Every structure is written in C-alpha cells, then in structure tokens.
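Below are the chains, spelled out letter by letter.
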Amino acid sequence: KGIVLKSKEEKRQLRREREKKRKARQKRGGTNKQPADAKDFDDFEDKQVFGDTVHAPPSLNFKMRNMEEKMAGKASSLLLAQKLNNKQGGGGGVVKKAKKEHLSMAKKAMLEKERQWVVEAYRALKADKISF
C-alpha cells in the first residue's frame, strides 16, 4: 500500500486499456444506454395519505460544493479577463470610460449642421416609402 508512482508510459497504457473497454461497452450496449451512475427516479416514491397535512417543504440533505475551491486555477483563463488585460496592456481591472472632449463652438455648429442634414435625409427617405 502507499503511494504508487507510475511512469508516463504506464499511464498511457492504462488509459488506452480504459478507452478500449469503454468502446467495447458502447458497441455491445449501444449508444442509447444510460451510464451506470445515472439515477433512475422510478425508485423514489412518496406515499401520501389523503388528508395528510404538510407543515414545511421537504429539506435537501446534501453538501453544497464551494465554487471557489472548484474554480481555483481556472479564473485567470476567463475570456473577459484576457480581453481586459489586452486592452490595458496586461494591467487587469475595470476599463474606464473616456471623458468627452470640450468641443469648440465651430465644431459644435458643424456637428449640428451635419445632424440636421441626416435628420432631413431620413425624413425624406421615410416620406418616399410612405408615398408608395
């Protein structure tokens, strides 16, 4: 007993044997067979008597797995974390929104003129569609 160290070659051979057994099992049983660990709910029956009173819902008696323990090394490989690191040069954290520049009066007037032109073009387009 104790710790058994296996070489990579031994592990590879064991893995191949497991795969062969699994494939042979699939061939014999077909693909529609459920795995052995799947629970069949036909065995679970609640027998209720007519007029029986219930004071509380049933309680679930199982341990909740801690997600932090489960995802210990995986958090850094999230796509969002990678994108944030790329945008900020590897800094990490929240991307801050850039402040708007203060526009000069000439620039504001030019933008307003362009906005008016776009609105008029849109209204003309809608009027043409309605007239048909």
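Teacher, can you tell me more about the confidence of the model for the chain here?
Should pLDDT be low for a region, the predicted coordinates there are not to be read in detail. Looking at the chain, pLDDT values average 77 and 64% of them are 70 or higher. Per-residue pLDDT, averaged within each element of the chain, yields its smallest value for helix 2 (residues 67–70) (64) and its largest for helix 4 (residues 105–131) (91).

What is the right way to look at the pattern of salt bridges in this model?
Opposite charge on two side chains lets them pair, provided their charged atoms get close. Per the stated rule, a full pass over the model turns up three salt bridges. With a shortest N-O distance of 2.1 Å, glutamate 9 and arginine 12 are connected by a salt bridge. Here glutamate 9 and its partner arginine 12 are both found in helix 1 (residues 8–29), three residues apart, which amounts to about one turn of the helix.

Explanation requested: a positive patch on the surface in the structure shown.
A cluster of basic side chains, namely Lys6, Lys8, Lys11, Arg15, Arg16, Arg18 and Lys20, defines a positive patch on the protein surface. By the secondary structure assignment, lysine 11 is in helix 1.

What counts, and where the lines are drawn
Residues numbered from 1 in each chain as written. Predicted model: local features only at pLDDT ≥ 70, side-chain atom pairs only at ≥ 80, totals over all residues. Heavy atoms only, no water. pLDDT = per-residue confidence, 0-100. Helix = DSSP H or I, 4+ residues; strand = E, 2+ residues; numbered from the N terminus. Salt bridge = Lys/Arg side-chain N within 4 Å of Asp/Glu carboxyl O. Patch = residues over 30% accessible without salt bridge, like charges linked within 9 Å, V, L, I, M, F, W, Y side chains within 5 Å. Areas by Shrake-Rupley, 256 points an atom, 1.4 Å probe, with all protein chains shown as cover. Lys, Arg positive; Asp, Glu negative; His and termini not counted. Charge placed at Lys NZ, Arg CZ, Asp CG, Glu CD.

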